[in-house]
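In case you want the letters, here they are:
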Amino acid sequence: MDFNFATAPQGSIFDTHAHYDDERFDSDRYELLASLKNSGVGGVINCAVDIESSKNVIKIAEDFDFCYSAVGYHPENLPDSKSLDFEKLCELIKHKSVVAIGEIGLDYYWHQDNKDYQKQSFLLQTEFAIKNNLPVIVHDREAHADTLSILQAKKPRGVLHCFSGSVEMAESILKLGMYIGVGGVVTFKNSKKLAEVVKSLPLNRILLETDAPYMAPEPFRGKTNNSAYILFVAKKIAEIKGVTETEVLEQTYLNAKNLFGV
Ligand code: NI
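Overview of the structure. Predicted model, so just to flag it, every value in this text is computed and none were measured.

1. Some words on the packing of helix H8 (residues 230-241) against helix H9 (residues 245-260)
Packing of H8 against H9 leaves a shortest axis separation of 8 Å and a crossing angle of 115°. The angle between the axes of H8 and H9 places the two elements in the roughly perpendicular class. Note that H8 runs across H9; the crossing there is right-handed. Mapping the contact onto sequence places Leu231, Ala234, Lys235, Ile237 and Ala238 in H8 and Glu245, Val248 and Leu249 in H9. Looking at the contact of H8 with H9, its residues break down into six nonpolar, no polar and two charged.

2. Here we look at the coordination of the nickel ion
Looking at the nickel ion, one finds its protein donor set to be His17 (NE2), His19 (NE2), Glu103 (OE) and Asp211 (OD), positioned 2.0 to 2.2 Å from the metal centre. What the four donor atoms of the nickel ion show is an angle range of 85 to 174° at the metal, which sorts the shape as irregular. In the primary structure, the donors to the nickel ion are separated according to the pattern H-x1-H-x83-E-x107-D. Placement of His17 in strand S1 (residues 13-18) and of Asp211 in the loop between strand S8 (206-208) and H8 is noted, with a sequence separation of 194 residues between them.

3. Looking at the nonpolar core
Core analysis: the biggest nonpolar cluster contains 70 residues, and Tyr20, Val182, Leu208 and Ile237 have the highest contact counts within it. Among the elements that line this core, the one with the most residues is H8, at seven residues. Discounting chain neighbours no more than four positions away, the residues touching Val182 are Leu194, Val198, Ile206, Leu207, Leu208, Glu209, Val233 and Ile237. If you look at the next biggest cluster of nonpolar residues, it comprises 14 residues, including Phe14, Ala70, Val159 and Ala256.

4. Considering helix H4 (residues 115-131)
In this model, H4 (17 residues) spans 24 Å end to end at C-alpha, consistent with the 24 Å of a helix rising 1.5 Å per residue. Regarding H4, the residues found buried are Tyr117, Gln118, Ser121, Phe122, Gln125, Thr126, Phe128 and Ala129. Buried residues of H4 fall within an arc of 160° about the axis and therefore sit on the same side. The exposed set on the far side of H4, more than 90 degrees from its buried face, consists of Asp116 and Lys131. At the exit of H4 stands Asn133, carrying a positive phi of roughly 55°.

5. Here we look at the packing of helix H5 (residues 144-154) against helix H6 (residues 167-175)
Where H5 contacts H6, the axes come no closer than 10 Å and their chain directions differ by 15°. The angle between H5 and H6 falls in the class roughly parallel. Handedness of the crossing formed by H5 with H6: left-handed. Residue-level inspection shows His144, Leu148, Leu151 and Gln152 of H5 in contact with H6, the latter providing Met169, Ser172 and Ile173. Of the residues belonging to the contact of H5 with H6, the class tally is four nonpolar, three polar and no charged.

6. Comments concerning the sheet that holds strand S5 (residues 136-141)
One key point about sheets: their strands pair by backbone hydrogen bonds, in either a parallel or an antiparallel sense. Across the sheet, which stays open at both edges, the eight strands sit in the order S1-S2-S3-S4-S5-S6-S7-S8 with parallel pairing between neighbours. With one partner strand each, in any of the chains shown, S1 and S8 form the two edges of the open sheet. Taking the axes of each pair of neighbouring strands and ignoring which way they run, one obtains an average angle of 30° across the sheet. Where strand S7 (residues 179-182) meets S8, three bridges bridge the pair, whose relative direction is parallel. In the sheet register, Val182 faces S8, and the bridge partner there is Leu208. Strands in contact with H8 are S1, S7 and S8; relative to S8, the strand with the most contacts, it is inclined by about 150°. In the packing of H9 onto the sheet, the strands contacted are S1, strand S2 (41-47), strand S4 (98-107), S5, strand S6 (158-160), S7 and S8, and the crossing angle to S8 comes to about 100°.

7. Focus on the packing of aromatic side chains
For the coordinates displayed, the defined rule picks out nine aromatic pairs. Considering the side-chain rings of Phe14 and Tyr68, the 6.3 Å spacing of their centres and the 15° angle between planes classify their relative orientation as stacked. With Phe14 in strand S1 and Tyr68 in strand S3 (residues 67-71), this residue pair connects regions lying 54 residues apart in the sequence. Exposure remark for Phe14: the relative accessible area of 4% places this residue in the buried category.

8. Some remarks on the pattern of salt bridges
Inspection of the entire model under this criterion finds seven salt bridges. Put simply, Glu91 and Lys88 hold a salt bridge, and the shortest N to O gap is 3.0 Å. Note that Glu91 and Lys88 are positioned in helix H3 (residues 86-92) at a spacing of three residues, about one turn of the helix. The class of Glu91 is partly exposed, set by a relative accessible area of 47%.

Basis of the calculations
Residues numbered from 1 in each chain as written. Predicted model: local features only at pLDDT ≥ 70, side-chain atom pairs only at ≥ 80, totals over all residues. Heavy atoms only, no water. Axes fitted to C-alpha atoms, helices over the stretch in contact; angles between N-to-C directions. Helix = DSSP H or I, 4+ residues; strand = E, 2+ residues; numbered from the N terminus. Parallel < 35°, antiparallel > 145°, perpendicular 65-115°, else oblique. Left-handed = near helix turned anticlockwise from the far one by under 90°. Contact = heavy atoms within 4.5 Å. Nonpolar A, V, L, I, M, F, W, Y, C, P; charged D, E, K, R; others polar. Donors = N, O, S within 2.8 Å, 3.2 Å for Na, K, Ca; no water. Tetrahedral: all angles 85-135°; square planar, octahedral: opposite > 155°, others 65-115°. Core = buried A, V, L, I, M, F, W, Y, C linked by side-chain atoms within 4.5 Å. Buried < 20%, exposed > 50% of the residue type's maximum accessible area, 1.4 Å probe, protein only. Expected span 1.5 Å × (residues − 1). Arc of directions from axis to C-beta. Pairing = 2+ DSSP bridges. Phe/Tyr/Trp six-rings, centres within 6.5 Å; stacked < 30°, edge-to-face > 60°. Salt bridge = Lys/Arg side-chain N within 4 Å of Asp/Glu carboxyl O.

Here is the structure:
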């Protein structure tokens, strides 16, 4: 497989949300990660979904100096025992690659039967992030109202990843000082709502992301995503906002550095 398809300048792409520990990368993980630098990628945050995956993203960061880690429990991966292992998380955040708690949040699309447990877990992990002076990387699927109310109550630093809310909700997120994560969805033909949101956002509050292996942008929709494809997300945002793609890449890179302190 040829990975040298992008023309982004060296070190110009910061992918704030990827899952390179995912099994879909098992066959070519190291080859792909090694190729990303030549495709313009300067930084990647691998977001864990549970303790096992937190250890795996840290392992990846040890092998690739441009990779950073977010550790925590994704709402779809909460333990059946209903007890989150904060002792283990405490140990994991000591690793120098860890720059955030994530991905954490609420998913009412896949799970409607454990909303209270999801809210409690999101709340506790947000408090844990604040206590340890780390930003949060937040997942919100069909749970806008509850996500917003927890964020408004706790006011963490962080990003609402793969934003799918309204212009009004984006305004509320900005008011909290948080960033908005934009990925492949913005390139889809049916993403009018997100285009409106992007139009309304100041460029200094947008973070670029893949959610790789998921959410590949056009013209790769449906394929396995990777950080080099962010170029197509930057192109689309540039088109929507009437700026150059270089401006989009440079400002969003700076935004990532500001939020995650890398
Ligand atoms: Ni994700």
